[in-house]
Amino acid sequence: MAGRGLILAAPSSGSGKTIVALGLLRALSRAGIPVRGAKSGPDYIDPAFHAAACGAESVNLDAWAMAPAQLRRLAAGDGLLIVEGAMGLFDGAPPEGRGSVADLAQALDLPVVLVVDAGRMAQSVAPLVAGFAGFRPGLRVAGVILNRVGSERHAAMLRRALGGIGMPVLGALRRDPGLDLPSRHLGLVQAGELVGLEEVLERAADAVAAGMDLPALDRLALPLPEAPTVPAPPTPKRIAVARDAAFSFLYPHQVAAWRAGGAELIFFSPLQDDPVPEADLVHLPGGYPELHAARLAGNARFMQSLRDAAHSSDIYGECGGYMVLGERLVDADGRPHRMAGLLGLATSFAERRLHLGYRRLVSRGAAMPGAWRGHEFHYATTLSAEGMPLFDAEDAEGAPLGPAGLVEGRVAGSFAHLVAPEALDGAGADA
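Just so it is clear, the model here is predicted, and its values are computed rather than measured.

**Q** Mind showing me how you'd approach the overall build of the chain here?
**A** Looking only at helices and strands, the chain has twelve helices and 25 strands in total. The C-alpha atoms of the chain give a radius of gyration of 22 Å, which matches the 22 Å a tight globule of 431 residues would have. For the chain, the spread of C-alpha atoms along the principal axes amounts to about 70 × 45 × 40 Å. Here the chain holds 431 residues, and the buried ones make up 56% of them. Residue pairs at least 24 apart in sequence account for 72% of intrachain contacts in the chain once pairs closer than 6 positions are excluded. Split by element, the accessible area of the chain, about 17600 Å² in all, is 53% carbon and sulfur.

Right under this line is the structure:
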């Protein structure tokens, strides 16, 4: 079945895109329609929910960090692709909103379905939708899903208002507190940790099946653009990757690139005190080590094997993984915990400050050579950072942020999550 796609967007965050996307993925999958999900922008958590809803792996499509050719290649595939947008339709990196869901829609030439939280509006829905539909020439807003509607009478009022501007209404979903998903400091509680997720997915799918015109939505989807073929980049032969509740922020496109390059991936769990496997590269992804600091500090077999691996393997840590490579991590209660001590870093989760935004990162040496596109999203505070910086960092507007990360011998890391190497034209490269 040839690949087709559409994009779910919204006027703002908090409109209910995620639960609508999950309900659609599960409902279409139950109906026997081959379907898969994707997430606009830098998000580790929602793609795991997509995969749980429909059984197919979800990918990230980041219009700020990735080149158009990479976006097309990652979107390619059979069946129906439903892309869940981030924030509002036109929200992106400052100052002009580059990398927004609208940019992604135009890069992939896909229609947008607008999810509107209509719980506190009636006729005003029409000028709101008309404004979004007409704001950018060449962007196609093909229909609307009315979310959190209070009653059938309320839905009828909204439909009449949108009928006046000729905007198709694909469905109306009633307000349902039972569909709320729990959150914590970096977003939703992860899919693998959420008790009762299957019940929520089934309830969301029932609501979508009852309240939406699924055949009409399916007809709006357009063919996915042709995906270019590029050679796989050079890859270490054996890569050991930490993966458990403390180390879970790993992009599927990175795993796919490693495998395409011929790498053998060996996953291990620091929380289970697994020793680090023999490998050319040891990768500690981000996640929630601050929630498991005492347990990690007490896992002597893991910690000692990580220190031993630094003599024979390259080791790289991102965000939470970077914190574990340091000397000390102070938890939310102010208790210090000894970490691996491979980098001169001390961090604290007791003293929280939000660090959020896209990053351009230029390597200072042989570790992680070249320039990279990535992002930062964490609350940890750096108490001390001693040693050779890994990168020079800029924000999305090109303002210098100073040195970022540390490198010591074969060990390196930073708080930034790398998305793609940067091409010569300054956009994300194909990798």
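Anyway, onward from the coordinates.
**Q** Would you mind going over the UniProt feature "site: Increases nucleophilicity of active site Cys" (unreviewed entry) in the chain with me for this structure?
**A** Those residues carrying the UniProt feature "site: Increases nucleophilicity of active site Cys" (unreviewed entry) are His 417 in this numbering. By the element assignment, His 417 lies in strand β25 (residues 417–421). Relative accessible area serves as the criterion here: at 2%, His 417 is assigned to the buried category. In this structure, His 417 is in contact with Tyr 44, Phe 249, Gly 286, Glu 318, Cys 319, Arg 373, Gly 374 and His 375, ignoring residues within four places of it in sequence. Within the structure, His 417 has its side chain in polar contact with the side chain of Tyr 44 (distance 3.1 Å).

**Q** How do you make sense of the UniProt feature "active site" (unreviewed entry) in the chain when you look at a structure like this?
**A** With numbering matched to this structure, UniProt assigns "active site" (unreviewed entry) to Cys 319. Secondary-structure assignment places Cys 319 in the loop between β14 (314–318) and α12 (320–325). Not counting residues up to four positions away in its chain, the partners in contact with Cys 319 are Gly 286, Phe 377, His 378, Ser 414, Phe 415 and His 417.

**Q** I would appreciate a short explanation of the pattern of salt bridges in the present structure.
**A** A side chain of one charge can pair with a side chain of the opposite charge when the charged atoms of the two come close. Using the criterion set out here, one finds 21 salt bridges in the structure. Here Asp 117 ties to Arg 148 by a salt bridge, and the two come within 3.0 Å at their closest N and O atoms. Of this pair, Asp 117 sits in strand β5 (residues 112–117) while Arg 148 sits in strand β6 (residues 141–149); the two residues are 31 residues apart in sequence, bridging distant segments of the chain. Using a relative accessible area of 27% as the deciding quantity, one classes Arg 148 as partly exposed.

**Q** I tried to follow the sheet that holds strand β17 (residues 344–348) on my own but got confused; where do I start?
**A** Note on sheets: strands pair through backbone hydrogen bonds, and any given pair is parallel or antiparallel. Across the sheet, four strands lie side by side as β16-β15-β17-β20; this open sheet has mixed pairing. A single partner strand is all that each edge strand has here, and the edge strands are β16 (336–338) and β20 (381–386). Neighbour-to-neighbour, the strand axes of the sheet open up by a mean angle of 15°, direction not taken into account. Alignment of β17 against β20, held across five bridges, turns out to be antiparallel. For Leu 345, the partnering residue across the bridge sits in β20 and is Ala 385.

**Q** I'm lost on helix α4 (residues 101–108) in this one. Help?
**A** Since the α-helix advances by 3.6 residues per turn, residues separated by three or four positions end up pointing in the same direction. Along α4, the residues classified as buried are Val 101, Ala 102, Leu 104, Ala 105 and Leu 108. One side of α4 holds all its buried residues, which, seen down the axis, span an arc of 160°. Residues of α4 that are buried make contact with β1 (4–9), β2 (35–40), β3 (59–61), α3 (68–75), β4 (80–84) and β5.

**Q** Help me understand the sheet that holds strand β18 (residues 355–363) in this model?
**A** Taken together, the five strands give an open sheet; going across it, the order is β22-β21-β18-β19-β25, and neighbouring strands pair in antiparallel fashion. Strands at the two margins of the open sheet, each flanked by one partner only, are β22 (400–404) and β25. Direction aside, the axes of adjacent strands within the sheet are offset by 30° on average. For strand β21 (residues 391–395) and β22, the ladder comprises four bridges, and the chain directions are antiparallel. Note on β22: the bridge partner recorded for Asp 392 is Pro 403.

**Q** Sorry if this is basic, but what is going on with the nonpolar core here?
**A** The tendency in soluble globular proteins is for nonpolar side chains to be buried side by side. Counting residues in each nonpolar core, the largest one holds 88 residues, and the members touching the most others are Leu 8, Leu 24, Leu 61, Leu 89, Ile 145 and Leu 146. When residues of this core are assigned to domains, at least three fall in each of domain 1 (4–223) and domain 2 (238–421). Not counting residues up to four positions away in its chain, the partners in contact with Leu 61 are Ala 38, Lys 39, Ser 40, Gly 41, Met 66, Leu 71, Leu 74, Ala 75, Val 83, Leu 104 and Leu 108. Ranked by size, the runner-up nonpolar core spans 33 residues in total, among them Leu 284, Leu 296, Met 303 and Leu 406.

**Q** Looking at this structure, how should I read the side chain of Glu 376?
**A** Tracing the chain through its elements places Glu 376 in strand β19 (residues 371–378). A polar side-chain atom of Glu 376 sits 2.9 Å from a polar atom in the side chain of His 378.

**Q** Any chance you could explain the pairing of β2 here in plain terms?
**A** Put simply, side chains in a regular strand alternate between the two faces of the sheet. Along β2, six of the six residues are buried, which leaves the element largely enclosed by surrounding structure. Of the two faces of β2, the one lined by Val 35, Gly 37 and Lys 39 and the one lined by Arg 36, Ala 38 and Ser 40 are each fully buried. Two elements, β2 and β3, share three bridges in a ladder whose sense is parallel. When the sheet's bridge partners are listed, Ala 38 is paired in β3 with Val 59. Chirality of the crossover, the property in question, places the unit of β2, helix α2 (residues 46–54) and β3 among those that are right-handed.

**Q** Explain the environment of Leu 217 to me, please; I cannot follow it from the model alone.
**A** Its location among the elements puts Leu 217 in helix α8 (residues 214–220). Between the C-alpha atom of Leu 217 and that of Phe 49, which follows or precedes it by 168 residues, the distance is 21 Å.

**Q** Would you mind showing me how to read the packing of helix α5 (residues 125–134) against helix α6 (residues 152–163) here?
**A** In a pair of packed helices, the angle between the axes and the distance between the axes together describe the arrangement. Packing of α5 against α6 leaves a shortest axis separation of 8 Å and a crossing angle of 45°. For the element pair α5 / α6, the angle class is oblique. Crossing of α5 over α6 shows right-handed handedness. Note on element contacts: α6 touches α5 through Leu 158, Ala 161 and Leu 162, opposite Val 125, Ala 126 and Val 129. Taken together, the residues that form the contact of α5 with α6 break down as six nonpolar, no polar and no charged.

What counts, and at which threshold
- Residues numbered from 1 in each chain as written.
- Predicted model: local features only at pLDDT ≥ 70, side-chain atom pairs only at ≥ 80, totals over all residues.
- Heavy atoms only, no water.
- Helix = DSSP H or I, 4+ residues; strand = E, 2+ residues; numbered from the N terminus.
- Rg over C-alpha atoms; globule rule 2.2 N^0.38 Å.
- Buried < 20%, exposed > 50% of the residue type's maximum accessible area, 1.4 Å probe, protein only.
- Contact = heavy atoms within 4.5 Å.
- Areas by Shrake-Rupley, 256 points an atom, 1.4 Å probe, with all protein chains shown as cover.
- UniProt positions renumbered as here; feature names shortened; annotations may be inferred.
- Polar contact = N/O pair within 3.5 Å; in protein donor to acceptor, adjacent residues only side chain to side chain.
- Salt bridge = Lys/Arg side-chain N within 4 Å of Asp/Glu carboxyl O.
- Pairing = 2+ DSSP bridges.
- Axes fitted to C-alpha atoms, helices over the stretch in contact; angles between N-to-C directions.
- Arc of directions from axis to C-beta.
- Core = buried A, V, L, I, M, F, W, Y, C linked by side-chain atoms within 4.5 Å.
- Domains from an automatic or database assignment.
- Right-handed = clockwise from strand over helix to strand, strands pointing away.
- Parallel < 35°, antiparallel > 145°, perpendicular 65-115°, else oblique.
- Left-handed = near helix turned anticlockwise from the far one by under 90°.
- Nonpolar A, V, L, I, M, F, W, Y, C, P; charged D, E, K, R; others polar.

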